[in-house]
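# Coordinate analysis (summary)
Okay, here's what each chain looks like letter by letter:
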Amino acid sequence: MMEALWSFLSGAENSTPVACRGSRDLSAGALRAAALSLAEDLRKDEGAVFLYCEDAANFTAGLIGALICGRDILLPAHSAPAYLAEIGAKRQNLVSDLSTLDGMHVSVAEDGDAGALPAIPDGRIGFFTSGTSGDPKLCMKAMTQLSAEVAVLGNLWGTPAGAVVGTVSHQHIYGLLFRVLWPLASGSVFFSRIHETWESVAESIGEHGTVISSPAHLGRIPPEVRLRHKPAFIFSSGGPLTPQAAQGALAQFGCLPTEVLGSTETGGVAWRRQVEPGEAWTPLPRVEVSADADGALTVLSPFTGASVPVPMGDAVEFLEDGRFRLKGRLDRIVKVEGKRVSLPRVEEALRALPQVEDVAVTDLPDRGGALGAIVVLTGEGQAALSACGSFRYSRDFRAALRRRLEPMELPRFWRFVDEVPQNSQGKRIASVMRSLFRSPELPQIESENREGDKVEFDLLLQPDLRWFEGHFPDQPILPGVAQLHIASVLAERVWGIEFPGHDMSRVKFRRVMQPGERVSLSLVRRERRLDFQYVSGGEIVASGTVRGLE
Amino acid sequence: MTRDEIYETLKGFLVELFEIPEEQISLDANLADDLDLDSIDAVDLILKLQEFIGRKVSAEQFRSVRTVRDVIDQVNELLEQAA
């Protein structure tokens, strides 16, 4: 099975181009040489290898090198050091093309000379996804599952005729399959660098090019961007594409995007092109879809790695011809005051209003489960908002929704924003949505100056700090307990020591601190003791000592 | 507790529970028409007041309430009964 995935690369002449880096071709020989050289290093150790590369050619060399040595490959979603440490990547097991990361290095030169690759064992590959809670979650796949899916892409859409350009990362399954493995297996060429902007896509794309993109990118095509060549395909995955975005891409680039429904767990499931808004999905070849007892879409295919149908969490409705429509996430049904409320239904009602461009609705467990709405307004809506203020405007929304929704379904809290927050895959993470409704508990840090055991912060006590609520309604002040809390949280961030705050001495609160005030906070650590001092307008307003945990 | 203190506490509740800007709250503000509180909001407010007064309060006792001033009157009366 793995033969098919690597046979083109393995058998190609040294000089055959397999990828482009900017305007330069990278050859099969160069890619093989980099893979074999890395394999030499990886053979000396065992266990899983973390692979993070910015460049997809380097990535491919890293992937093949690790497979040759029979080591599992784990793909971090990004390269933030704290995140890498959290998932267990370290110098000894990290392969990267970033000089800023400590680990083994992989790099594909322009040319190289290397014979055919040795037999490549099947191997396993793991993707880190963010669950709905936002914590990194590992999903392991057999390389044979990916290989089976690449074969299906080839059967369905043929061989990419031109070079493949991607706006999405190969560290995720969709980018890896579509941007890298599909062209590589079929003898086409892929651009090794990710194209973050449409301007850069326009510079790179050649004749019959294929664009691998996402709803996040397709929803934001700058109006002045033109492509020299009409793409053969534009793919989109990671979430549904709005009908406007699909039609917008068609109007501007002459190509209606092909959407692929799938997830890391299930692999590809179905595809569609939105000729009409809300077009039904056609299952991919070799994929059997059905509905479980809850009405959720389930998937049985060689790409899932499971022998029983895997549920996807979307409510599904089948058409007679075998196609299907999705009716919203089942896990997006929440209970408000004991009554079941469908968040997609509330979002749909809001989206139907002329002032609304985009919207996300979330339940707020911190606020007794009430709903919060995050709304992006149209130009007309923004004018109305600045005319009457967010409170009055949110009440107008509630009044407008009353005609369609039951009282429990009405959002109680409202945030008007420029953009609904989403991660780089275009996913909306519930915990991030909810954090928009939480008042901040730390002041805004305007500057930070650290020297060894001493650190000084300039802080702005913004009026929406949680601590000002209820102390006291007519004259809010920053309570002493909050001053201690802020000092110990910032100290823990700097030195990694917890200062619980109950073991304190010499604490003096000399003057109150008020909303909007700018203060400086100096922290001095002596072993496990923390001295703090707040200064405002040249005078010490509070000071004391807190003892830290051993 | 004075009526002024009750008013300040009530303002704090309205800001905290419903994100009503403080400057929109006045003694004559009508809960339904000016502050747009609906029946569910009213239940939330009564629960909060119950916590504050320290004894059970029925929705019945707030049936005739229309304005912020009415709420203060009602709370004042309940506090006096409790004393």
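Values in this document were obtained by computation on a predicted structure and should not be read as measured data.

What follows covers the overall build of chain B. For chain B, the helix and strand inventory stands at three helices and zero strands. Seen in sequence order, chain B has helices and strands lined up from the N terminus as α-α-α. By the compact-globule yardstick of 12 Å for 83 residues, chain B fits well, its C-alpha radius of gyration being 12 Å. Principal axes of the C-alpha set define a box for chain B whose edges measure 30 × 25 × 20 Å. By sequence separation, contacts in chain B at least 24 residues apart represent 58% of the contacts at least 6 residues apart. Total accessible area on chain B is roughly 4,500 Å²; 48% of this is exposed by carbon and sulfur atoms. Each charge class in chain B was averaged separately, 8 positive and 20 negative side chains, and the resulting centres sit 6 Å apart.

To continue, consider the state of the cysteines. All names here are of chain A. Counting across every chain of the model gives zero disulfides over all chains. The thiol of Cys 20 is not disulfide-bonded; the next cysteine sulfur, from Cys 53, is found 18 Å away. We classify Cys 20 as buried; its relative accessible area is 9%.

Our focus in this paragraph is the interface of chain A and chain B. A common way to report how large an interface is uses the accessible area buried once the components associate. The partner chain B presents 19 residues to the 17 residues of chain A that form the contact. Carbon and sulfur atoms supply 44% of the area that chain A and chain B bury against each other, a total of about 1,400 Å² over both sides. Run the count over chain A and chain B and you get seven salt bridges. For Arg 412 of chain A, the salt bridge identified is with Asp 38 of chain B, shortest N-O distance 2.6 Å. In this assembly, chain A and chain B are joined by 10 residue pairs in polar contact (both at pLDDT 80 or more). Taken together, the elements giving at least two residues each to the side of chain A that touches chain B come down to helix H11 (379–401) and strand E24 (413–417) of chain A. Counting residues per element, the side of chain A that touches chain B draws most heavily on H11 of chain A, at four residues. Each residue belonging to the side of chain A that touches chain B can be placed in one class, and the counts come to seven nonpolar, no polar and 10 charged.

Here the focus is the domain arrangement of chain A. Domain annotation for chain A reports domain 1 (2–194), domain 2 (337–435) and domain 3 (444–547). A C-alpha centroid distance of 41 Å is found between domain 1 of chain A and domain 2 of chain A.

With that settled, consider the environment of Glu 320 of chain A. One can find Glu 320 of chain A in the loop between strand E18 (310–318) and strand E19 (324–329). For Glu 320 of chain A, a relative accessible area of 89% corresponds to the exposed category.

Further remarks concern the packing of aromatic side chains. All names here are of chain A. Tallying each qualifying case throughout the model produces 17 aromatic pairs over all chains. Ring centres 6.3 Å apart and planes at 15 degrees place the aromatic pair Phe 50 and Phe 128 in the stacked group. Highlighted residues: Phe 50 in strand E3 (residues 49–52) and Phe 128 in strand E7 (residues 124–130), separated in sequence by 78 residues. Neither Phe 50 nor Phe 128 differs from the other in exposure class; each is buried. Ring plane angle 25 degrees and centroid distance 5.4 Å describe the contact between Phe 233 and Phe 235, whose orientation is recorded as stacked.

About the thresholds
Residues numbered from 1 in each chain as written. Chains lettered and ligands numbered in written order. Predicted model: local features only at pLDDT ≥ 70, side-chain atom pairs only at ≥ 80, totals over all residues. Heavy atoms only, no water. Helix = DSSP H or I, 4+ residues; strand = E, 2+ residues; numbered from the N terminus. Rg over C-alpha atoms; globule rule 2.2 N^0.38 Å. Contact = heavy atoms within 4.5 Å. Areas by Shrake-Rupley, 256 points an atom, 1.4 Å probe, with all protein chains shown as cover. Lys, Arg positive; Asp, Glu negative; His and termini not counted. Charge placed at Lys NZ, Arg CZ, Asp CG, Glu CD. Disulfide = S-S within 2.5 Å. Buried < 20%, exposed > 50% of the residue type's maximum accessible area, 1.4 Å probe, protein only. Buried area = accessible area lost by both parts, 1.4 Å probe. Salt bridge = Lys/Arg side-chain N within 4 Å of Asp/Glu carboxyl O. Polar contact = N/O pair within 3.5 Å; in protein donor to acceptor, adjacent residues only side chain to side chain. Nonpolar A, V, L, I, M, F, W, Y, C, P; charged D, E, K, R; others polar. Domains from an automatic or database assignment. Phe/Tyr/Trp six-rings, centres within 6.5 Å; stacked < 30°, edge-to-face > 60°.

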